[in-house]
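Residue-level listing of the chains:
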Amino acid sequence: MRIPLLARANAGTLAVLVALTAVACLLVAGLPRATQASFDEALRRSLTTAPAVQTDLTVASEPRTPEQDLHERGQFASHYPQWRQIVPAALRPLLAPTGHMSAKTSRTPVAGTSGRTYINLGWLSDADQRVEWVGRAPGPLSTTRHEGETIPLIEVGVVEEAVREMGLGIGQTKVLGESDYVAVKIVGLFKAKNPDDRYWSHHADVLHVSRQLPPGGLDFEYHITTVMSDAGLAALSGEARHLTYRWVLPLDGRAASALAVPDVAAAVAELERLMSVQVVSPSPHRLDTGLPNLLGDFSAALASAQTVIFLALGGLLAVALGVIVLGVRLLTDRMEHPLGLARARGGSLRQVAGAGAALTALAVAPAALAGYALSFLMPGPVLPIVHAGPAVVVVTAVVFAAVRVSLAHRTPLHERRDDVAAARPSARRVTLEVLVVGLALAGAYLLRERGLSQDPFLLLVPVALTLAAALITLRCYPYPLRLLVRLAGRSRSAVPFLGLTRAARARSASGLPVLILLPALAVSVFATVISSGIASTQVRASWQQVGAPIKVTSVGEIQASVIEKVRATDGVEQVVVAQTGRVQLADVPEWAAAIAVDMAQWQRLVAGTPISLPTLSGDTSALVSPELWGRGAFEIGWLGRPRLTPQGVIDSVPGFWSSGKFIVMSPSALPRLEVNTLLIKGDVPLAELARMVPASTVDSQERALAVIREDPLTGAVRSTLIVVTVALGLYALVAVVLSLVVGAADRARAVSFLRTLGLSERQARRLTVLEVLPMVLVTSLVGLGLGFGLPAALGPGVDLSAYAGDLPVGDYSPDLVTPGALAAGLIVAAALGAYAHTAIGRRRNLGAVLRVGDST
């Protein structure tokens, strides 16, 4: 066979096949890289924005005997290289080059304060690089006298906040302990050079005063950790204090990869095991890190993202392959005459099939290579699918060409007329189709009941459902057409009868467009509905997180003058005041969160938003969480001893709590309202509110929504769904056009024959539309229905809450605009194509179409 001659004769068809293959390979190889790059970015952001105390690897030791004490910097430093040496290989690329060490006491009381004031001793190995001193830095160790005994005197510095909150100051000397005393002299104040540095999450007790309410107590305890010099280590002993040594191995999240998460999690577990068996000093050591929890949360969110993306990309790949197969079919149809002639002249079946496969490979192989090369312009790691995807496309196209040519030319000059009557399916084929439908329904049930985490093979369920729907459509859509044919047969016009008859008696191969259009529509509508559901849930989650358009939360009481100033600010429409805090229940050491707010005003403030609030009536009535329901009336310790009567149960308080023990009460139940929270409606700059209300945190619903949407995993899911929706819409249009072109020869022959019998051009156009449109119309309706039904059918098995502010995505309200526009576009394209086909066929000479004897 002369392949170059065949290529020149079918240049247009080959060009279409080249374009389809290049685009398919670009999508199938490029999109996984882009999504994996988004996964990596999400992991890196998760690790770099989390507090360092959660991500870093901290080796901790609590000495109990003098032999376990470390009194010099060199003793600490000698252990550090040994910890780095035993870190497993999977963790080493994530370690920062330098770390730090610390020694701290905990719950070290100030003598004579009855356990209400605690000044802990702390040593930071890099304090000189982290803090700026006011006064002077701590110096050498000395001694002093207390109760007739000589005790160590350690020079320390404290943060400026301790001066305000605890009354400490430069020059003060405090005696610590209850029996084994030590004295500290405050010689300086310090502040962090960069208080926003993640480093300080390890030492929040150094930068801030901690107020703790002991169980059963009504008075707060005050805790602060001081900073001392290296000399102070000599006075620290685990035998006399609650002492902890720490070696911190910082983690650099910028080098993390989502693909390595399982290996990193296993490496952390291995490091924890090694810590328990390694002996580098007499005291036992442990590994303190929140990295496994962070990786576990990320893995759960990643699994959901991969599920949705794999479903969308799998549907895109299937549709792309179907369209390419349709293009290959068009090519083999165009070669049917020369290949049949070659077969009649003695060409073997292998030669004929090889010619079809070779010509197809000549088109798809270079195009696949070009798409594969272009995919490397996209960021992201090279995954196995990047190499396998284009290969699957090429193999599918070539194998289909060889098989179709082989079946078409099994015997020389094999004539067939499939348009006379509908082919009757074999029992084997019917059994196979029933099996596919049954497996799809069973898989959908298992996916709803078990979820994807139990069986990854359930990822194939959506594909099976679309295939089952396509098979049912192929089998069922001729029956309503036959009813229409009977009705049309009673009409005086022959065009409806002829058009619908040809549609109902379509060749079995014409089912290929159905197998392409239906998944394309179903997956694109599924992607649209999922994306819309995520977007609406994100909005609802942002309102649940804030509870109002703007929320201002202050550390202390907000004065009435400040509240009035806020009310008078331009853009402020409404302000609702509230008091929040922790309250003691009755006389038992049980605590709950509480908010005192006018619920009627709050309801008016959030009217028209996605959140709703229950009604609270009565001055002493309260709404309680499920954990507090059923106890009857109870007293709380909050600015007095008000007695509350539970009026109802509330599962969450928008903007405040969604779990645990909490109470919503009326402000009139309190002797006075110490306002520390403002709920604001209006358009006002957040920075202006933060300036007006000192020591406050300002949140807004718009900011919370932006944070949710800016998450890389969320962005990856939504962007992938958008790309897949657009690509599938274009593929569906291409499938409609190709299906028109594939059947153009038979259709032109039939129309030309009817024109010899007096069929007008107008009637020819109507005939062509009636022949083409039913398949597109029925497939579009079924695809729309399946696309709208897939989220509801598969939703319980796919958890998308990680991309919607941790709220479950269950509101799959159909957005008819995009799917309706897509289906309408396909129908219009089919109608316009039919008209165009008739217009082109009008120029043909009947003698060039009909063979001798066809019109007799």
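Criteria and cut-off values
Residues numbered from 1 in each chain as written. Predicted model: local features only at pLDDT ≥ 70, side-chain atom pairs only at ≥ 80, totals over all residues. Heavy atoms only, no water. Pairing = 2+ DSSP bridges. Helix = DSSP H or I, 4+ residues; strand = E, 2+ residues; numbered from the N terminus. Axes fitted to C-alpha atoms, helices over the stretch in contact; angles between N-to-C directions. Expected span 1.5 Å × (residues − 1). Buried < 20%, exposed > 50% of the residue type's maximum accessible area, 1.4 Å probe, protein only. Contact = heavy atoms within 4.5 Å. Salt bridge = Lys/Arg side-chain N within 4 Å of Asp/Glu carboxyl O. Core = buried A, V, L, I, M, F, W, Y, C linked by side-chain atoms within 4.5 Å.

### Considering the sheet that holds strand β10 (residues 210-212)
Strands pair in a sheet through their backbones, by hydrogen bonds, and they do so in one of two ways: parallel or antiparallel. In spatial order, the strands read β3-β11-β10; together these three strands make up an open sheet with mixed pairing. Of all the strands in the sheet, the pair left with one neighbour each is β3 (117-120) and β10. Each adjacent strand pair in this sheet contributes to an overall mean axis angle of 20°, direction not counted. Examined bridge by bridge, β10 and strand β11 (residues 221-225) share three bridges and lie antiparallel to one another. Directly across from Arg-211, in β11, lies its bridge partner Tyr-222.

### Brief notes about helix α12 (residues 384-408)
The first and last C-alpha atoms of α12 sit 36 Å apart over 25 residues, in line with the 36 Å expected at 1.5 Å per residue. Among the residues of α12, those classed as buried are Val-386, Gly-389, Pro-390, Val-393, Val-394, Ala-397, Ala-401, Arg-404, Val-405 and Ala-408. Tucked into the core, α12 has its buried residues touching α2 (11-49), α9 (291-334), α10 (336-344) and α11 (349-374).

### A look at the pattern of salt bridges
Taken as a whole, this structure holds 18 salt bridges when the rule is applied. Among the salt bridges present, the one from Arg-691 reaches Glu-688, with a minimum N-O distance of 2.5 Å. Taken as a pair, Arg-691 and Glu-688 lie in helix α20 (residues 686-692) at a separation of three residues, close to a single helical turn.

### What about unusual backbone geometry?
In this model, Arg-107 sits at a positive phi of 50°, which is unusual for a non-glycine residue. You can see Arg-107 is positioned in the loop between β2 (100-105) and β3. When its relative accessible area of 41% is taken as the criterion, Arg-107 is described as partly exposed. The phi dihedral of Glu-147 falls on the positive side, at around 55°, and the residue is not glycine. As for its position among the elements, Glu-147 is in the loop between β6 (142-146) and β7 (149-159).

### Some remarks on the nonpolar core
Generally speaking, a soluble globular protein has its nonpolar side chains buried in company with each other. Membership of the largest hydrophobic core comes to 163 residues, with the highest contact counts inside it found for Phe-76, Leu-91, Trp-247, Leu-291, Leu-316, Leu-713 and Tyr-731. Element by element, the count of residues in this core is highest for α9, at 22 residues. Grouped together as the second largest cluster of nonpolar side chains are 21 residues, Trp-543, Ala-578, Val-653 and Val-664 included.

By themselves these figures say nothing about function.
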